[in-house]
Amino acid sequence: MDDVDRKILAELQKDGRLTVTELAERVRLSLSPCHRRLRALERSGAISGYRAHLDPHALGLTFDALVFITMHDASRDTVAAFEEAVAAIPNVLQAQRLFGDPDYLLRVVTRDLPAFQKLYDDRLATLPGVQRLSSTLVMKAVVEDRPLPL
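Throughout this description, residue numbers start from 1 for each chain and increase along the sequence as written. For a predicted model such as this one, the threshold for reporting local features is a pLDDT of at least 70, and the threshold for listing and counting side-chain atom pairs is 80 or more; totals across whole chains, interfaces and linings nevertheless cover every residue. Where side-chain values are given, they derive from all heavy atoms of the structure, hydrogens and water being excluded.

K.L.:
An account of unusual backbone geometry is requested, with residue identities and associated values reported.
P.N.:
Along the chain, D101 connects to P102 via a cis peptide bond; the corresponding omega equals 5 degrees. Within the element layout of this structure, P102 appears in the loop between β2 (92-97) and β3 (104-110). Even without a glycine there, the phi angle at R28 is positive, about 60 degrees. The secondary structure listing takes helices from DSSP runs of H or I that are at least 4 residues long and strands from runs of E that are at least 2 residues long, numbered from the N terminus. Locating R28 in the fold gives a position in the loop between α2 (20-27) and α3 (31-44). Not every positive phi belongs to a glycine, and D145 is a case in point at roughly 50 degrees. Structurally, D145 is set in the segment after β4 (130-137).

K.L.:
Give me the lowdown on the sheet that holds β2, citing residues and values where you can.
P.N.:
A pair of strands is treated as paired once DSSP finds two or more bridges between them. The sheet built from four strands is open, its strands ordered β2-β3-β1-β4 with antiparallel pairing. Looking at strand neighbours, the two that pair on one side only are β2 and β4, the edges of this open sheet. The average undirected angle you get between the axes of adjacent strands in this sheet is 20 degrees. Looking at chain direction, β2 and β3 are connected through five bridges and run antiparallel. Note on β3: the bridge partner recorded for V92 is V108. Note on definitions: a residue-residue contact is assigned when non-hydrogen atoms from the two residues lie within 4.5 Å. Only the stretch in contact is used when fitting a helix axis, every axis being a line fitted to C-alpha atoms; angles between N-to-C directions are given from 0 to 180 degrees. Docked against the sheet, helix α5 (residues 113-124) engages β1 (63-71), β3 and β4, running at close to 135 degrees with respect to β3.

K.L.:
Run through the packing of aromatic side chains, naming residues and quoting values.
P.N.:
We call Phe, Tyr and Trp rings a pair once their centres come within 6.5 Å, taking the six-membered ring for Trp, and we label the pair stacked below 30 degrees between planes, edge-to-face above 60, and tilted otherwise. Applying the stated criterion across every chain yields a total of three aromatic pairs. With a centroid separation of 4.4 Å and 45 degrees between ring planes, the pair formed by F82 and Y104 is classed as tilted. Here the residue F82 occupies a position in helix α4 (residues 76-87), and Y104 occupies one in strand β3, the gap between them amounting to 22 residues. The exposure classification of F82 matches that of Y104, with both residues buried. In textbook terms, an aromatic cluster arises when at least three aromatic residues are bridged by ring pairs, as seen for F63, F116 and Y120. Categorising residues by exposure relies on relative accessible area from a 1.4 Å probe, with only protein chains included: less than 20% of the type maximum marks a residue as buried, more than 50% marks it as exposed, and the intermediate range marks it as partly exposed.

K.L.:
An account of the pairing of β3 is needed here, citing residue identities and associated values.
P.N.:
Counting buried residues in β3 gives seven out of seven residues, a clear majority hidden from the surface. The side-chain alternation of β3 yields two buried faces, one formed by Y104, L106, V108 and T110 and the other by L105, R107 and V109. Direction of pairing for β1 relative to β3: antiparallel, over a ladder of seven bridges. Looking at the pairing, I69 lines up with Y104 of β3. Counted between consecutive antiparallel strands, the loop separating β2 from β3 contains six residues, among which G100 sits at a positive phi close to 85 degrees.

K.L.:
Explain the pattern of salt bridges to me, and be specific about the residues and the numbers.
P.N.:
Each salt bridge in this description consists of a side-chain nitrogen of Lys or Arg and a carboxyl oxygen of Asp or Glu lying within 4 Å of one another. Inspection of the entire model under this criterion finds ten salt bridges. Between K14 and E11 there is a salt bridge, and its shortest N-O distance comes to 3.4 Å. Of the two residues, K14 and E11 are both situated in helix α1 (residues 3-14); the distance of three residues between them amounts to about one turn of the helix. Take K14: its relative accessible area is 60%, and that puts it in the exposed class. By relative accessible area, E11 is classed as buried at 15%. Linking R107 and E144 is a salt bridge whose minimum nitrogen-to-oxygen distance equals 3.1 Å. Of this pair, R107 sits in strand β3 while E144 is found in the segment after β4, placing the two residues 37 residues apart along the sequence. The class for R107 is buried, based on a relative accessible area of 18%. Classification of E144 by relative accessible area gives partly exposed; the value is 43%. One network of salt bridges, in which partners are shared, links D2, D5 and R37.

The following block contains the structure:
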């Protein structure tokens, strides 16, 4: 990966809807070399996909919480079952396994507090291997969806 590839990636992180023609102009390449580089970046996995960034508030998802999970059992089967179950919950936007305590950090969005409470009681608290849950509310997002540093 060279500086031109990094410029292509930086431009696409700003606007994934750029046409190849617009992208070529922004990175100062002719159309064919830009297209070849773009396809190579996609094939290499550097570009894993394209998507729209949605505003959760505009969609009525105004309740944002971080949920910390401590497992009572860290066996391979329990961890696999837990992670599979978490991945099946659409309200979980991010799930990260951590070193130390707690074992997992989830970012969860819902419509409101009653919807979060129902999700917490009915789904999160019943996940395989969970010993303890604790949560905190997100007051405001200071940095979010930042492009990767290139």
